[in-house]
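Chain and residue survey
The chain contents come next:
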Amino acid sequence: MEPGNDTQISEFILLGFSEEPELQPLIFGLFLSKYLITVFGNLLIILAVSSDSHLHTPMYFFLSNLSFVDICFISTTVPKMLWNIQTQIKVITYEGCITQIYFFLLSAVLDIFLLTVMAYDRFVAICHPLHYTIIMNPWICGLLVLVSWIMYILNSLLQSLMMLQLSFCTNVETPYFFCDLSQITQLACSDNFLNYMVIYFTTVLLGSGALTGILYSYSKIVSSICRTTSTQGKYKAFATCASHISVVSLFFSTSLGVYFSSASTHSLHSGATASVMYTVVTPMLNPFIYSLRNKDINGALKRLFVM
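Parameters and conventions
- Residues numbered from 1 in each chain as written.
- Predicted model: local features only at pLDDT ≥ 70, side-chain atom pairs only at ≥ 80, totals over all residues.
- Heavy atoms only, no water.
- Helix = DSSP H or I, 4+ residues; strand = E, 2+ residues; numbered from the N terminus.
- Contact = heavy atoms within 4.5 Å.
- Areas by Shrake-Rupley, 256 points an atom, 1.4 Å probe, with all protein chains shown as cover.
- pLDDT = per-residue confidence, 0-100.
- Expected span 1.5 Å × (residues − 1).
- Buried < 20%, exposed > 50% of the residue type's maximum accessible area, 1.4 Å probe, protein only.
- Core = buried A, V, L, I, M, F, W, Y, C linked by side-chain atoms within 4.5 Å.
- Salt bridge = Lys/Arg side-chain N within 4 Å of Asp/Glu carboxyl O.
- UniProt positions renumbered as here; feature names shortened; annotations may be inferred.
- Pairing = 2+ DSSP bridges.

Scanning the protein chain from N- to C-terminus turns up 11 helices and three strands. The order of α-helices and β-strands along the protein chain, N terminus first, is β-α-α-α-β-α-α-α-β-α-α-α-α-α. For the protein chain, restricting intrachain contacts to residue pairs at least 6 apart in sequence, the fraction spanning at least 24 positions comes to 79%. Total accessible area computed for the protein chain in this model is approximately 15200 Å², and 70% of it derives from carbon and sulfur atoms.

Structural data, given as C-alpha cells:
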C-alpha cells in the first residue's frame, strides 16, 4: 500500500494477545465470560438503585451512572475482539477504528470524572455532614453529570477529528486488541506532533487533575476519621470508602501507567496486557466490590429478587 491520505487506509490489524490457534478458544471463552458478568452485574446495580427509593441519593446516583458508563466502556472493545476471534480475522475497518476511539475515549473520561465526583461526595458526607444535602443536592448532581457529558463528547469528537487528518503507510498493525488512540497515532506516517501534544495534554489534565482531586478528598477524609474518638465511627467511615478506593487504585495504576509508557517500543506488549486491567477487569469488578461490601446495595438486590 502506497503512502497517501487516510482514505486509502481501509483497515487496521489488531494483533491481540496470541496468534496460536489452540489458545483462541480459551481467550474467547475468558473474555466472553468477563463481558457477560460485567454487563449483568452493572445492570443489576442500575436496577437496584432505580427500584429502591432508599438509594435515591447522590452516592448511588453516581454509582448507577458509573455502572452505565462501564457497560458502554467494555462494549466498545470486547464484542469486536470476540468477533475477530470467532471469524479468525484480526482486522477493523478504518471507519470502525475511528468510531471505536471516539466511544472508548468518551467512556474512559466519564469513568474518570465519576470516580472523582464519588470521592468528593464521600469527602462532603464525612467531613461536612451537616451541609451534605445542601452541597450535593439533586440539581447540582444532575448538572454535573450533564455538563460532563457535553464536555467529554466534545473532547472525544476533537480527538477523533484530529485522527482524520493523519495519513498512514503500510504499517497498520497494533499489538492491542482494540484501537488505542496513542498506538494508532503512532502508526501514522504524517506529522503527528500536534496529535501527541493534545493526547498528553488531555491525559495530564484529566488523569492528573482527577487523581489530585481524589487524593485531596481522601487525605481530608483520613484526617477527619483520625480525629474521631469512636472506634465504631472510624470503622463505618472507612467501610464507606474502601470500595471506592479499591476501584480507583486499580483503574488509575493501570491506565496512567499504560499511557505514559506507550511511547516505549519494548513496553507495547506489556502495555497491551495491562490495558485489559482498566478496560475489562475494572468494569467487571465494580459490581462485586460495590455490592459485596455495601449493605444498602445488598438489601436492594434482595428486595429486587423477591419482587
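Confidence in the prediction for the protein chain averages 83 pLDDT; 87% of positions are at 70 or higher. Here helix α9 (residues 231-260) stands out as the least confident element of the protein chain, with mean pLDDT 70; helix α2 (residues 58-75) is the most confident, with 93. Predicted confidence for residues 1-7 stays below pLDDT 50, and this span has 17 contacts to residues more than four positions away or in other chains.

Turning our attention to helix α4 (residues 94-127). Between its first and last C-alpha atoms α4 spans 49 Å; for 34 residues at 1.5 Å apiece the expected length is 50 Å, and the two agree. Of all 34 residues making up α4, 27 are buried, and the element is well covered by its neighbours.

Another point: the nonpolar core. Counting 65 residues, the largest nonpolar core has F31, F62, L63, L115 and F252 as its most contacted members. Aside from chain neighbours lying at most four places away, what touches F62 is L114, V117, M118, M136, C141 and V145. If you look at the next biggest cluster of nonpolar residues, it comprises 20 residues, including L14, I98, M163 and L187.

Before going further, it helps to spend a moment on the pattern of salt bridges. Enumeration according to the criterion identifies two salt bridges in this entry. Across the salt bridge formed by R303 and D52, the nearest N and O atoms sit 2.3 Å from each other. Residue R303 is located in helix α11 (residues 295-306), and its partner D52 is located in the loop between α1 (24-51) and α2; the two are separated by 251 residues in the primary sequence. The salt bridge involving R122 is made with D121; its shortest N-O contact spans 2.8 Å. Pair check on accessibility: R122 and D121 agree, each one buried.

Let us now look at the UniProt feature "transmembrane region" (unreviewed entry) in the protein chain. Following the UniProt record, the feature "transmembrane region" (unreviewed entry) maps to residues 26-47, 59-78, 98-120, 132-154, 197-216, 237-260 and 272-292 here. As annotated, residues 132-154 comprises 91% helix and 0% strand, and the C-alpha atoms at either end are separated by 31 Å.

Bringing α11 into the picture now. Compared with the 16 Å implied by 1.5 Å per residue over 12 residues, the 16 Å span of α11 between its first and last C-alpha is a close match. Every buried residue belonging to α11 is among I297, G299, A300 and L301, and all of these are buried.

Residues F12 and L14 line the buried face of strand β1 (residues 11-14), whereas the alternating positions E11 and I13 sit on a face that is not buried. In terms of strand pairing, β1 meets strand β3 (residues 173-174) through two bridges, oriented parallel. Bridge assignment links L14 to a residue of β3, and that residue is T174.

To continue, consider the sheet that holds strand β2 (residues 91-93). In spatial order, the strands read β2-β1-β3; together these three strands make up an open sheet with mixed pairing. Here the strands that pair on one side only, and so sit at the sheet edges, are β2 and β3. Judged from the three bridges that link them, β1 and β2 form a sheet pairing that is antiparallel. The residue of β2 that forms the bridge with F12 is I92.

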